[in-house]
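Each chain, written out:
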Amino acid sequence: MNDTPINWTDKTWNPIRGCDKVSPGCKHCYASTFAERFRGVPGHPFEQGFDLRLAPHKLDEPVRLRKPSMIFVNSTSDLFHEDVPESYIRQVADVMLQAARHSYQVLTKRSERMRDLLNSESFRDVAMAENVWWGVSCEDRKYGLPRIKHLRAAKVKHRFISAEPLLESLGQINLAAIEWLIVGGESGRSARPFDVAWAEDLQHHCAEQGTSFFAKQLGAKPILNGEPLMIPNAKGRRDGHAGDPNQWPEALADLRVRQSPAAVI
Ligand code: SF4
């Protein structure tokens, strides 16, 4: 269990290590880049690089954490990866139900498997748990929008969308039954551009459809009116990475919204 700089959660919990890239949002996966650096280093937790493997010794971490927290499940993997046995997903579910003083955010790009499992009798309890949020990544129209349909088709208590890194406009988006949407640009030296107008559109759709909106950051290459938007970072350098809404220009006042649905708080 780790503290995290991710500003919409408190802790990360990774009872699985490694993953495989499935869509454009994965292109610069920081977890993959980090893990592959240690491939072949004897004794290192990432000796096998980013190959998927279970980490059952980490399963009970939420049980041992006394302070009620918001926990991002598998921040560096995907619980519904095809190689994670259903029995292991059930063990993760049991921990979330047992340590119910915490809230959990489960985010996936494998939305069809998530839908199918959560709609089955064996996962009914955790699907409808008050303290578990089920979410899908939505980085573009081709891969992301179908995931939202799968999420809506899952019979769960709480649904959210992570539109990060957002790679294009999502157009007229249907947010029915979605309680929370988080948006952000891409970080890192190879980041792809993030037109802030895409996020502004999402903010308007959220306001119209009653979905809580949370602008996490503008990424390393924000674009405003077709031009690079240069914003000072914490060290005073104007490198464009924009995580602090107080430093965003007045034109982006609408994006300073950082709502959380009442059930989360
Ligand atoms: S699904 Fe997530 S963890 Fe897996 S490769 Fe893609 S970005 Fe990385």
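From a predicted model like this one, the values you see are computed outputs, not experimental measurements.

How each quantity is defined
Residues numbered from 1 in each chain as written. Predicted model: local features only at pLDDT ≥ 70, side-chain atom pairs only at ≥ 80, totals over all residues. Heavy atoms only, no water. Helix = DSSP H or I, 4+ residues; strand = E, 2+ residues; numbered from the N terminus. Rg over C-alpha atoms; globule rule 2.2 N^0.38 Å. Buried < 20%, exposed > 50% of the residue type's maximum accessible area, 1.4 Å probe, protein only. Contact = heavy atoms within 4.5 Å. Areas by Shrake-Rupley, 256 points an atom, 1.4 Å probe, with all protein chains shown as cover. Lys, Arg positive; Asp, Glu negative; His and termini not counted. Charge placed at Lys NZ, Arg CZ, Asp CG, Glu CD. Phe/Tyr/Trp six-rings, centres within 6.5 Å; stacked < 30°, edge-to-face > 60°. Lys NZ or Arg CZ within 6 Å of the ring centre and 35° of its normal. Polar contact = N/O pair within 3.5 Å; in protein donor to acceptor, adjacent residues only side chain to side chain. Axes fitted to C-alpha atoms, helices over the stretch in contact; angles between N-to-C directions. Parallel < 35°, antiparallel > 145°, perpendicular 65-115°, else oblique.

Caption draft 1: Quick peek at the overall build of the chain. Helix and strand counts for the chain stand at 7 helices and 13 strands. Since a compact globule built from 265 residues should have a radius of gyration of about 18 Å, the 18 Å found for the chain is in line with a globular shape. Along the longest, intermediate and shortest principal axes, the C-alpha atoms of the chain span 50 × 45 × 35 Å. For the chain, with 265 residues in total, the buried portion stands at 53%. Sequence separation of at least 24 residues holds for 71% of the intrachain contacts in the chain that already meet a minimum separation of 6. Within the structure as shown, the chain displays about 12,100 Å² of accessible surface, and the carbon and sulfur contribution to it stands at 51%. The chain carries 35 positive and 33 negative side-chain charges, and their two centres are separated by 3 Å.

Caption draft 2: Spatial organisation of the packing of aromatic side chains. Under the criterion given, the structure shown has 8 aromatic pairs. Between Phe34 and Phe46 the ring centres are 5.7 Å apart and the planes differ by 90 degrees, which places this aromatic pair in the edge-to-face class. Residue Phe34 is found in helix H1 (residues 30–36), and its partner Phe46 is found in the loop between H1 and strand S4 (53–54); the two are separated by 12 residues along the sequence. Judged by relative accessible area, Phe34 falls into the partly exposed class, the value being 38%. For Phe46, a relative accessible area of 16% puts it in the buried group. An aromatic cluster is defined as three or more aromatic residues linked by ring pairs; in this entry it consists of Trp133, Phe160, Trp180 and Phe214. Stacked on the ring of Phe46, the Lys or Arg Arg17 has its end atom at 5.6 Å from the ring centre.

Caption draft 3: The environment of Arg39, seen in detail. In this structure, Arg39 sits in the loop between H1 and S4. Residue Arg39 is classed as partly exposed on the basis of its relative accessible area of 39%. Counting along the chain gives 34 residues from Arg39 to Val73, while the straight-line C-alpha distance between them is 24 Å. Beyond its immediate stretch of four places on either side in the chain, Arg39 contacts Phe46, Glu47, Gln48, Gly49, Phe50 and Asp51. A distance of 2.7 Å separates the side chain of Arg39 from the side chain of Glu36, its partner in a polar contact. Only 2.8 Å separates the side chain of Arg39 from the side chain of Asp51, close enough to count as a polar contact.

Caption draft 4: Just the packing of helix H4 (residues 111–118) against helix H6 (residues 141–153), in detail. In the contact formed by H4 and H6, the axes pass within 9 Å of each other and the chain directions differ by 5 degrees. Between H4 and H6, the angle falls in the class roughly parallel. Taken together, the residues of H6 that come into contact with H4 (itself represented by Ser111, Glu112, Met114 and Arg115) are Arg147, His150, Leu151 and Ala153.

Such coordinate-based values are descriptive only and should not be taken to indicate function.
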